[in-house]
Amino acid sequence: MTAFWTEPDFDDHEMVHFVRDAKAGLTAIIAVHSSHLGPGAGGTRFWHYPNPKDGLRDALRLSRGMSYKNAMAGLPMGGGKAVILADEARTKTPELLAAFGDAVEALGGRYVTAEDVGISEADMVAVAKRTQHVSGLPVEGEGAAGGDPGPFTAHGIYLGIKAAVRHKLGKDSVAGVHVAVQGTGSVGGGVARLLAADGAKLTLSDIREESANALAKELGAETVASEAVLSTPCDVLSPNALGAIFDDDTIPALQAEIVAGGANNQLARAGHGAKMFERGILYAPDYVINAGGIVSVASEYLARRDGTVCGRSDVLDRIGHIPTRLEEIWQESDASKTSPDVVADRMAQALIGRG
Ligand code: NAD
């Protein structure tokens, strides 16, 4: 492997830690991009990468994303991410999780972990037996903060969509506003339910058609084939499935006034935000609107670390700041004629002392 600091995604990361425990079957990379605002926080991805270099690229890219996300959410946390390089059969054993917990503990709190793709709450419980620098654990007691971040992410996106509708369409309510939702999983399903309760008109789509159909029946919504959702005529397109969906082909075909959803890394590359901006489409930068989950995860960790109590209502109050942050970005974007993704990146870089 070439030196990691010559990788295109290397951005003066403070720490890139390679872990190998052959006996436990663990190969992992833990990256901390910035600890300017606090310990590097971000989930652990468990994924099989045919080329290990792609795992390194993910760790570098995703940890930088977490620096930006945590900073823009006003959290006293830096940005970090761990990637466990799974074998082809994705073998996950108690020994592997224990060895990973030991590796996190050895960093003495410079990195705080939680769930990401391929890692469950039960896995985090196993990791927590070996390290205290972990979050996303089952909630203890009514009204306590923590647990599955999905509903908190959905709540932030719902508030962000309402803010976008106010900014772009001048409406104080989403009643009658047509929202096309891509992905009806944990986040997209939650967003759809919240919007339906406010009387929005919904079109749902999922590659698992049975998921979209069941939710459509529950909410009295329409469905559309997954190939067609990005070009569905609507007021708001809310992508809550995969990343890199907005590119040279999909942006010209968009028929939405607003793009606001929770999927990470929606823009295929830098420059696609500008393309959307040129088309007059209002974009809610993904890492700003989808920060509700990390607000919950970080609040849970800080409360446990400091021996204090953080309730669900405190977390919801903090998530309530997401629309304010989005409005700041859009106002600056309007004033400077710069796309919102670029404005958000600049704000985040200034907050982590890299402006
Ligand atoms: P999930 O697995 O529960 O749901 C994703 C859904 O998208 C699935 O139902 C899947 O079938 C569907 N899907 C996949 N490809 C699709 C396509 N091409 N068209 C339509 N549907 C498709 O995952 P989730 O937790 O809801 O996360 C959704 C997105 O939000 C991901 O990009 C994730 O990284 C991001 N995100 C999630 C959280 C969280 O708290 N869960 C936080 C921040 C960001």
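Cut-offs applied
- Residues numbered from 1 in each chain as written.
- Predicted model: local features only at pLDDT ≥ 70, side-chain atom pairs only at ≥ 80, totals over all residues.
- Heavy atoms only, no water.
- Helix = DSSP H or I, 4+ residues; strand = E, 2+ residues; numbered from the N terminus.
- Rg over C-alpha atoms; globule rule 2.2 N^0.38 Å.
- Buried < 20%, exposed > 50% of the residue type's maximum accessible area, 1.4 Å probe, protein only.
- Areas by Shrake-Rupley, 256 points an atom, 1.4 Å probe, with all protein chains shown as cover.
- Lys, Arg positive; Asp, Glu negative; His and termini not counted.
- Charge placed at Lys NZ, Arg CZ, Asp CG, Glu CD.
- Pairing = 2+ DSSP bridges.
- Right-handed = clockwise from strand over helix to strand, strands pointing away.
- Core = buried A, V, L, I, M, F, W, Y, C linked by side-chain atoms within 4.5 Å.
- Domains from an automatic or database assignment.
- Contact = heavy atoms within 4.5 Å.
- Polar contact = N/O pair within 3.5 Å; in protein donor to acceptor, adjacent residues only side chain to side chain.
- Near = heavy atom within 4 Å.
- Nonpolar A, V, L, I, M, F, W, Y, C, P; charged D, E, K, R; others polar.
- Expected span 1.5 Å × (residues − 1).

**Thoughts on the overall build of the protein chain**
Here's step 1: For the protein chain, the count of helices and strands is 13 helices and 12 strands.
Here's step 2: For 355 residues, the compact-globule estimate of 2.2 N^0.38 gives 20 Å, and the C-alpha radius of gyration of the protein chain, at 20 Å, lies within 12% of that figure.
Here's step 3: In terms of principal-axis extent, the alpha carbons of the protein chain reach across some 55 × 45 × 40 Å.
Here's step 4: Buried positions account for 53% of the 355 residues belonging to the protein chain.
Here's step 5: Surface summary for the protein chain: the accessible area is close to 15200 Å², and the carbon and sulfur share equals 51%.
Here's step 6: One finds the centroid of the 33 positive side-chain charges in the protein chain at a distance of 1 Å from the centroid of its 45 negative side-chain charges.

**Looking at the pairing of strand β7 (residues 178-182)**
Here's step 1: In terms of burial, β7 is largely enclosed, as 5 of its 5 residues are buried.
Here's step 2: Alternating positions in β7 separate into two faces, His178, Ala180 and Gln182 on one and Val179 and Val181 on the other, with burial throughout.
Here's step 3: One ladder, built from 5 bridges, connects β7 with strand β8 (residues 201-205); its direction is parallel. Residue pairing across strands places Gln182 opposite Ser205, the latter belonging to β8.
Here's step 4: As a crossover connection, the stretch from β7 through helix α5 (residues 186-197) into β8 is right-handed.
Here's step 5: Of the pairings in the sheet, the one linking β7 to strand β10 (residues 234-239) comprises 4 bridges and is parallel in character.

**Concerning the environment of Val342**
Here's step 1: Take Val342: it is sitting in helix α13 (residues 340-351).
Here's step 2: Distance in space between the C-alpha atoms of Val342 and Gly273 is 7.6 Å, their sequence separation being 69 residues.

**Considerations on the nonpolar core**
Here's step 1: Counting 60 residues, the largest nonpolar core has Met77, Ile161, Val179, Leu195, Leu202 and Leu204 as the members making the most contacts within it.
Here's step 2: Counting only domains with at least three residues in this core, you end up with domain 1 (4-63 + 78-128) and domain 2 (150-289 + 323-351).
Here's step 3: Discounting residues that sit within four places of it in the chain, Val179 has contacts with Leu195, Ala200, Lys201, Leu202, Thr203, Val236 and Ser238.
Here's step 4: Counting 24 residues, the second largest nonpolar core, distinct from the first, contains Ala28, Leu96, Tyr111 and Met124.

**Focus: the environment of Val179**
Here's step 1: As for its position among the elements, Val179 is in strand β7.
Here's step 2: C-alpha of Val179 to C-alpha of Gly146: the two residues are 33 residues apart in sequence and 29 Å apart in space.

**Quick look at the side chain of Lys81**
Here's step 1: Residue position: Lys81 is located in strand β5 (residues 78-85).
Here's step 2: What makes Lys81 buried here is its relative accessible area of 6%.
Here's step 3: Among the polar contacts made by the side chain of Lys81, one reaches the side chain of Asp116 at a distance of 3.5 Å.
Here's step 4: Setting aside residues up to four positions removed in sequence, Lys81 forms contacts with Ile29, Ile30, Ala31, Gly42, Gly43, Ala59, Leu62, Ser63, Met66, Tyr111 and Asp116.

**Overview of the site of the ligand**
Here's step 1: Near the ligand there are 21 residues, and of these Thr153, Val187, Asp206, Arg208 and Ala241 occur at the shortest range.
Here's step 2: Between Ala241 and the ligand, the recorded distance is 2.7 Å, taken from a backbone N or O atom to an oxygen atom.
Here's step 3: Contact with the protein chains hides 74% of the accessible area of the ligand, taken as 830 Å² for the molecule alone.
Here's step 4: Where the shell around the ligand is concerned, the elements lending two or more residues are α4 (150-169) and α5.
Here's step 5: Counted by class, the shell around the ligand contains 6 nonpolar, 12 polar and 3 charged residues.

**Examining α13**
Here's step 1: Compared with an ideal rise of 1.5 Å per residue, which puts 12 residues at 16 Å, α13 spans 16 Å between its outermost C-alpha atoms and is within 8% of the ideal.
Here's step 2: Looking one or two residues beyond α13, the residue adopting positive phi is Gly353, at roughly 75°.

**Remarks on the domain arrangement of the protein chain**
Here's step 1: As assigned here, the protein chain comprises domain 1 (4-63 + 78-128) and domain 2 (150-289 + 323-351).
Here's step 2: Relative placement of domain 1 and domain 2: their C-alpha centres are 29 Å apart.

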